Amino acid sequence: MIVLKTIALAFSLFSAIPVPRVEWNSRNLRYVMCAFPLVGVIIGGVCWLWLWGCLQLRTVSVQQIYFLQAAGLTLFPVLLTGGIHLDGLCDTADALGSHSDRAKMASILRDPHCGASALIACCGWFAGMFAFSASIHPSVRTGAALALLFTLSRLLSAFAVASLPPAEGSSLVKTFSDTAQKRIVRISTGGTALCLSLVVSLFAPWECLSVVVAQSLFSIYYVRLCRRFGGISGDLAGWFVQWAEFVSMGALAIVPAILAYIFGVSL
(Lines give C-alpha, C1' and ligand atoms only; values in the text may rest on other atoms or scores of the structure.)
Protein backbone atom coordinates (compact mmCIF):
# COMPACT_ATOMS: atom_id res chain seq x y z
CA MET A 1 0.00 0.00 0.00
CA ILE A 2 2.84 2.40 0.83
CA VAL A 3 4.25 1.84 -2.68
CA LEU A 4 0.96 2.81 -4.32
CA LYS A 5 0.65 5.87 -2.07
CA THR A 6 4.18 6.96 -2.95
CA ILE A 7 3.48 6.58 -6.66
CA ALA A 8 0.19 8.47 -6.37
CA LEU A 9 1.92 11.26 -4.46
CA ALA A 10 4.63 11.52 -7.12
CA PHE A 11 2.03 11.86 -9.87
CA SER A 12 0.01 14.39 -7.89
CA LEU A 13 3.12 16.52 -7.30
CA PHE A 14 4.82 16.28 -10.68
CA SER A 15 2.05 15.75 -13.22
CA ALA A 16 -1.44 16.81 -14.19
CA ILE A 17 -2.57 13.17 -14.45
CA PRO A 18 -5.53 12.55 -12.09
CA VAL A 19 -4.68 10.22 -9.19
CA PRO A 20 -6.33 9.49 -5.83
CA ARG A 21 -5.52 12.03 -3.14
CA VAL A 22 -2.79 10.90 -0.74
CA GLU A 23 -1.77 12.43 2.56
CA TRP A 24 1.44 14.41 2.34
CA ASN A 25 3.52 13.08 5.22
CA SER A 26 7.10 11.98 5.85
CA ARG A 27 6.27 8.31 5.33
CA ASN A 28 4.76 8.83 1.89
CA LEU A 29 7.42 11.37 0.89
CA ARG A 30 10.33 9.15 1.86
CA TYR A 31 10.76 7.53 -1.55
CA VAL A 32 8.70 9.87 -3.72
CA MET A 33 11.78 10.73 -5.80
CA CYS A 34 12.12 7.05 -6.68
CA ALA A 35 8.60 7.17 -8.16
CA PHE A 36 9.14 10.53 -9.88
CA PRO A 37 10.67 8.94 -13.05
CA LEU A 38 7.44 6.98 -13.57
CA VAL A 39 5.92 10.27 -14.76
CA GLY A 40 8.55 10.24 -17.49
CA VAL A 41 7.58 6.68 -18.40
CA ILE A 42 3.99 7.81 -19.03
CA ILE A 43 5.11 10.85 -21.03
CA GLY A 44 7.53 8.74 -23.04
CA GLY A 45 4.81 6.18 -23.71
CA VAL A 46 2.37 8.82 -24.91
CA CYS A 47 5.01 10.37 -27.17
CA TRP A 48 5.92 6.93 -28.52
CA LEU A 49 2.27 6.27 -29.39
CA TRP A 50 2.02 9.68 -31.05
CA LEU A 51 5.16 8.99 -33.07
CA TRP A 52 3.80 5.58 -34.04
CA GLY A 53 0.54 7.18 -35.15
CA CYS A 54 2.44 9.68 -37.29
CA LEU A 55 4.39 6.81 -38.78
CA GLN A 56 1.12 5.23 -39.91
CA LEU A 57 0.06 8.43 -41.67
CA ARG A 58 2.72 8.33 -44.34
CA THR A 59 -0.01 8.31 -46.98
CA VAL A 60 -0.37 12.07 -46.45
CA SER A 61 2.37 14.54 -47.32
CA VAL A 62 5.64 14.18 -45.42
CA GLN A 63 5.57 17.84 -44.43
CA GLN A 64 2.19 17.43 -42.73
CA ILE A 65 3.43 14.36 -40.86
CA TYR A 66 6.44 16.15 -39.40
CA PHE A 67 4.44 19.21 -38.37
CA LEU A 68 1.86 16.99 -36.69
CA GLN A 69 4.63 14.97 -35.06
CA ALA A 70 6.34 18.11 -33.75
CA ALA A 71 3.14 19.55 -32.29
CA GLY A 72 2.48 16.43 -30.23
CA LEU A 73 6.05 15.90 -29.04
CA THR A 74 6.29 19.54 -27.97
CA LEU A 75 2.94 19.88 -26.23
CA PHE A 76 2.32 16.50 -24.60
CA PRO A 77 5.22 16.74 -22.09
CA VAL A 78 3.96 20.16 -20.97
CA LEU A 79 0.28 19.20 -20.85
CA LEU A 80 0.89 15.97 -18.93
CA THR A 81 2.98 17.76 -16.30
CA GLY A 82 0.74 20.80 -16.05
CA GLY A 83 3.75 22.99 -16.85
CA ILE A 84 5.24 22.50 -13.37
CA HIS A 85 8.80 22.20 -14.70
CA LEU A 86 8.27 25.01 -17.20
CA ASP A 87 7.61 27.30 -14.25
CA GLY A 88 11.07 26.44 -12.91
CA LEU A 89 12.58 27.17 -16.31
CA CYS A 90 11.04 30.64 -16.35
CA ASP A 91 11.97 31.52 -12.74
CA THR A 92 15.54 30.35 -13.22
CA ALA A 93 15.85 32.25 -16.52
CA ASP A 94 14.85 35.47 -14.75
CA ALA A 95 17.37 34.82 -11.98
CA LEU A 96 20.20 34.09 -14.41
CA GLY A 97 19.19 37.03 -16.59
CA SER A 98 19.63 39.41 -13.69
CA HIS A 99 23.41 38.73 -13.54
CA SER A 100 23.23 39.45 -9.83
CA ASP A 101 24.80 37.93 -6.74
CA ARG A 102 23.53 34.75 -5.08
CA ALA A 103 21.19 36.48 -2.66
CA LYS A 104 19.53 38.54 -5.39
CA MET A 105 19.12 35.52 -7.67
CA ALA A 106 17.56 33.55 -4.81
CA SER A 107 15.02 36.32 -4.22
CA ILE A 108 14.16 36.39 -7.93
CA LEU A 109 13.51 32.63 -7.83
CA ARG A 110 10.91 33.24 -5.13
CA ASP A 111 9.29 36.11 -7.06
CA PRO A 112 6.04 34.92 -8.71
CA HIS A 113 6.23 37.58 -11.44
CA CYS A 114 7.46 36.80 -14.95
CA GLY A 115 10.26 38.89 -16.43
CA ALA A 116 11.64 39.40 -19.93
CA SER A 117 14.26 36.67 -19.56
CA ALA A 118 11.57 34.16 -18.64
CA LEU A 119 9.49 35.02 -21.71
CA ILE A 120 12.50 34.77 -24.00
CA ALA A 121 13.58 31.44 -22.51
CA CYS A 122 10.07 30.01 -22.68
CA CYS A 123 9.51 31.07 -26.28
CA GLY A 124 12.96 29.82 -27.23
CA TRP A 125 12.28 26.47 -25.59
CA PHE A 126 9.00 25.95 -27.47
CA ALA A 127 10.46 27.12 -30.79
CA GLY A 128 13.53 24.93 -30.46
CA MET A 129 11.60 21.91 -29.19
CA PHE A 130 9.18 22.18 -32.11
CA ALA A 131 12.03 22.44 -34.63
CA PHE A 132 13.92 19.49 -33.15
CA SER A 133 10.75 17.38 -32.91
CA ALA A 134 9.97 18.08 -36.55
CA SER A 135 13.50 17.06 -37.55
CA ILE A 136 13.63 13.59 -36.01
CA HIS A 137 12.75 10.64 -38.21
CA PRO A 138 9.65 8.72 -37.03
CA SER A 139 10.73 5.13 -36.42
CA VAL A 140 10.59 2.41 -33.80
CA ARG A 141 14.17 3.23 -32.77
CA THR A 142 13.35 6.91 -32.32
CA GLY A 143 10.31 5.94 -30.26
CA ALA A 144 12.53 3.87 -27.94
CA ALA A 145 14.88 6.84 -27.54
CA LEU A 146 11.95 9.10 -26.68
CA ALA A 147 10.81 6.69 -23.98
CA LEU A 148 14.35 6.86 -22.56
CA LEU A 149 14.61 10.64 -22.94
CA PHE A 150 11.72 11.65 -20.68
CA THR A 151 12.47 9.00 -18.07
CA LEU A 152 16.22 9.62 -17.91
CA SER A 153 15.79 13.36 -17.32
CA ARG A 154 13.72 12.59 -14.21
CA LEU A 155 16.06 9.86 -13.02
CA LEU A 156 18.96 12.31 -13.17
CA SER A 157 16.88 15.02 -11.52
CA ALA A 158 15.90 12.70 -8.66
CA PHE A 159 19.53 11.60 -8.29
CA ALA A 160 20.57 15.25 -8.02
CA VAL A 161 17.92 16.01 -5.38
CA ALA A 162 19.26 13.15 -3.27
CA SER A 163 22.91 14.09 -3.87
CA LEU A 164 23.23 17.88 -3.88
CA PRO A 165 22.70 20.11 -0.83
CA PRO A 166 19.44 22.11 -0.85
CA ALA A 167 19.64 25.84 -1.38
CA GLU A 168 18.78 28.09 1.53
CA GLY A 169 15.02 28.58 1.73
CA SER A 170 14.22 25.78 -0.72
CA SER A 171 11.38 24.13 1.19
CA LEU A 172 10.27 21.58 -1.43
CA VAL A 173 13.65 20.04 -2.23
CA LYS A 174 14.73 20.31 1.42
CA THR A 175 11.64 18.33 2.41
CA PHE A 176 12.60 15.54 0.03
CA SER A 177 16.23 15.66 1.10
CA ASP A 178 15.34 15.46 4.78
CA THR A 179 12.74 12.72 4.59
CA ALA A 180 14.16 10.61 1.78
CA GLN A 181 16.63 7.85 2.41
CA LYS A 182 19.27 9.51 0.25
CA ARG A 183 21.43 6.49 -0.33
CA ILE A 184 18.50 4.31 -1.42
CA VAL A 185 17.22 7.03 -3.75
CA ARG A 186 20.67 7.44 -5.32
CA ILE A 187 21.14 3.69 -5.79
CA SER A 188 17.61 3.27 -7.15
CA THR A 189 17.69 6.15 -9.63
CA GLY A 190 21.32 5.68 -10.66
CA GLY A 191 20.94 1.93 -11.16
CA THR A 192 17.69 2.35 -13.07
CA ALA A 193 19.23 4.99 -15.34
CA LEU A 194 22.12 2.67 -16.18
CA CYS A 195 19.95 -0.41 -16.77
CA LEU A 196 17.39 1.50 -18.83
CA SER A 197 20.09 3.01 -21.03
CA LEU A 198 21.63 -0.40 -21.65
CA VAL A 199 18.27 -1.94 -22.56
CA VAL A 200 17.32 0.86 -24.96
CA SER A 201 20.78 0.72 -26.56
CA LEU A 202 20.00 -2.82 -27.71
CA PHE A 203 17.18 -1.47 -29.89
CA ALA A 204 18.49 1.99 -30.78
CA PRO A 205 22.25 2.25 -30.16
CA TRP A 206 22.99 5.59 -31.83
CA GLU A 207 19.79 7.24 -30.66
CA CYS A 208 20.33 6.02 -27.11
CA LEU A 209 23.93 7.21 -27.11
CA SER A 210 22.82 10.64 -28.31
CA VAL A 211 20.34 11.00 -25.45
CA VAL A 212 22.66 9.65 -22.75
CA VAL A 213 25.65 11.77 -23.76
CA ALA A 214 23.54 14.94 -24.12
CA GLN A 215 21.93 14.57 -20.71
CA SER A 216 25.15 13.50 -19.01
CA LEU A 217 27.06 16.53 -20.28
CA PHE A 218 24.18 18.81 -19.38
CA SER A 219 24.11 17.32 -15.86
CA ILE A 220 27.71 18.46 -15.37
CA TYR A 221 26.68 22.01 -16.22
CA TYR A 222 23.66 21.65 -13.93
CA VAL A 223 25.84 20.77 -10.93
CA ARG A 224 27.94 23.88 -11.53
CA LEU A 225 24.79 25.98 -11.84
CA CYS A 226 23.42 24.70 -8.52
CA ARG A 227 26.67 25.75 -6.86
CA ARG A 228 26.11 29.29 -8.12
CA PHE A 229 22.76 29.31 -6.30
CA GLY A 230 24.19 27.73 -3.15
CA GLY A 231 22.42 24.41 -3.70
CA ILE A 232 19.54 22.77 -5.48
CA SER A 233 15.94 24.03 -5.38
CA GLY A 234 12.59 23.09 -6.88
CA ASP A 235 12.91 25.74 -9.58
CA LEU A 236 16.39 24.57 -10.54
CA ALA A 237 15.19 20.97 -10.66
CA GLY A 238 12.36 21.98 -13.02
CA TRP A 239 14.79 24.02 -15.11
CA PHE A 240 17.00 20.96 -15.46
CA VAL A 241 14.18 18.64 -16.58
CA GLN A 242 13.03 21.06 -19.28
CA TRP A 243 16.46 21.82 -20.71
CA ALA A 244 17.73 18.24 -20.40
CA GLU A 245 14.83 17.12 -22.58
CA PHE A 246 15.50 20.02 -24.95
CA VAL A 247 19.18 19.15 -25.50
CA SER A 248 18.28 15.46 -25.80
CA MET A 249 15.72 16.17 -28.50
CA GLY A 250 18.31 18.32 -30.23
CA ALA A 251 20.82 15.47 -30.09
CA LEU A 252 18.22 13.08 -31.52
CA ALA A 253 17.66 15.45 -34.42
CA ILE A 254 21.26 16.44 -35.13
CA VAL A 255 23.54 13.51 -34.25
CA PRO A 256 21.95 10.88 -36.57
CA ALA A 257 22.04 13.42 -39.41
CA ILE A 258 25.74 14.09 -38.82
CA LEU A 259 26.58 10.39 -38.61
CA ALA A 260 24.54 9.67 -41.74
CA TYR A 261 26.46 12.40 -43.56
CA ILE A 262 29.84 11.05 -42.39
CA PHE A 263 29.12 7.40 -43.15
CA GLY A 264 26.88 8.04 -46.15
CA VAL A 265 24.08 5.84 -44.86
CA SER A 266 20.84 6.36 -42.98
CA LEU A 267 21.29 5.42 -39.30
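Note that the structure is a prediction, hence the values are computed from the model and not measured. (Residues numbered from 1 in each chain as written. Predicted model: local features only at pLDDT ≥ 70, side-chain atom pairs only at ≥ 80, totals over all residues. Heavy atoms only, no water.)

A. Spotlight on helix α9 (residues 140-163). Between its first and last C-alpha atoms α9 spans 34 Å; for 24 residues at 1.5 Å apiece the expected length is 34 Å, and the two agree. With 18 of 24 residues buried, α9 lies mostly within the body of the structure. (Helix = DSSP H or I, 4+ residues; strand = E, 2+ residues; numbered from the N terminus. Expected span 1.5 Å × (residues − 1). Buried < 20%, exposed > 50% of the residue type's maximum accessible area, 1.4 Å probe, protein only.)

B. Broad picture of empty space enclosed by the protein. This model, assessed by the stated rule, comprises 1 cavity of 30 Å³ or more. Reported here for the largest cavity is a volume of approximately 40 Å³. Taken together, Trp48, Leu51, Trp52, Leu55, Ser139, Val140 and Gly143 make up the lining of the largest cavity. Those elements that place two or more of their residues in the lining of the largest cavity are α4 (37-56) and α9. (1 Å grid on protein atoms, 1.4 Å probe; cavity = no way out; pocket = protein on both sides within 12 Å on 5 of 7 lines; lining within 4 Å. Points joined across faces, edges and corners; volume = space filled by probe spheres on them.)

C. Representation of the nonpolar core. Counting residues in each nonpolar core, the largest one holds 67 residues, and the members touching the most others are Met33, Leu89, Trp125, Leu146, Tyr222, Phe229 and Trp239. Top contributing element to this core by residue count: α9, with 12 residues. Beyond its immediate sequence surroundings of up to four residues, Phe229 is in contact with Thr92, Ala95, Leu96, Arg102, Met105, Leu109, Ala167 and Leu236. (Core = buried A, V, L, I, M, F, W, Y, C linked by side-chain atoms within 4.5 Å. Contact = heavy atoms within 4.5 Å.)

D. A look at the environment of Ile187. Take Ile187: it is sitting in helix α11 (residues 182-203). Given a relative accessible area of 55%, Ile187 falls into the exposed group. Along the primary structure Ile187 and Leu155 are separated by 32 residues, whereas in three dimensions their C-alpha atoms are 11 Å apart.

E. Structural detail: the side chain of Ser15. Looking at the secondary structure, you find Ser15 in the loop between α1 (2-14) and α2 (26-29). Residue classification places Ser15 among the buried positions, given a relative accessible area of 10%. A distance of 2.6 Å separates the side chain of Ser15 from the backbone oxygen of Phe11, its partner in a polar contact. Within the local environment of Ser15, its side chain forms a polar contact with the backbone nitrogen of Ile17, the two atoms lying 3.2 Å apart. Not counting residues within four places of it along the chain, the set of residues in contact with Ser15 comprises Ala10, Val39, Leu80 and Thr81. (Polar contact = N/O pair within 3.5 Å; in protein donor to acceptor, adjacent residues only side chain to side chain.)

Read these as layout, nothing more, since geometry by itself doesn't imply function.
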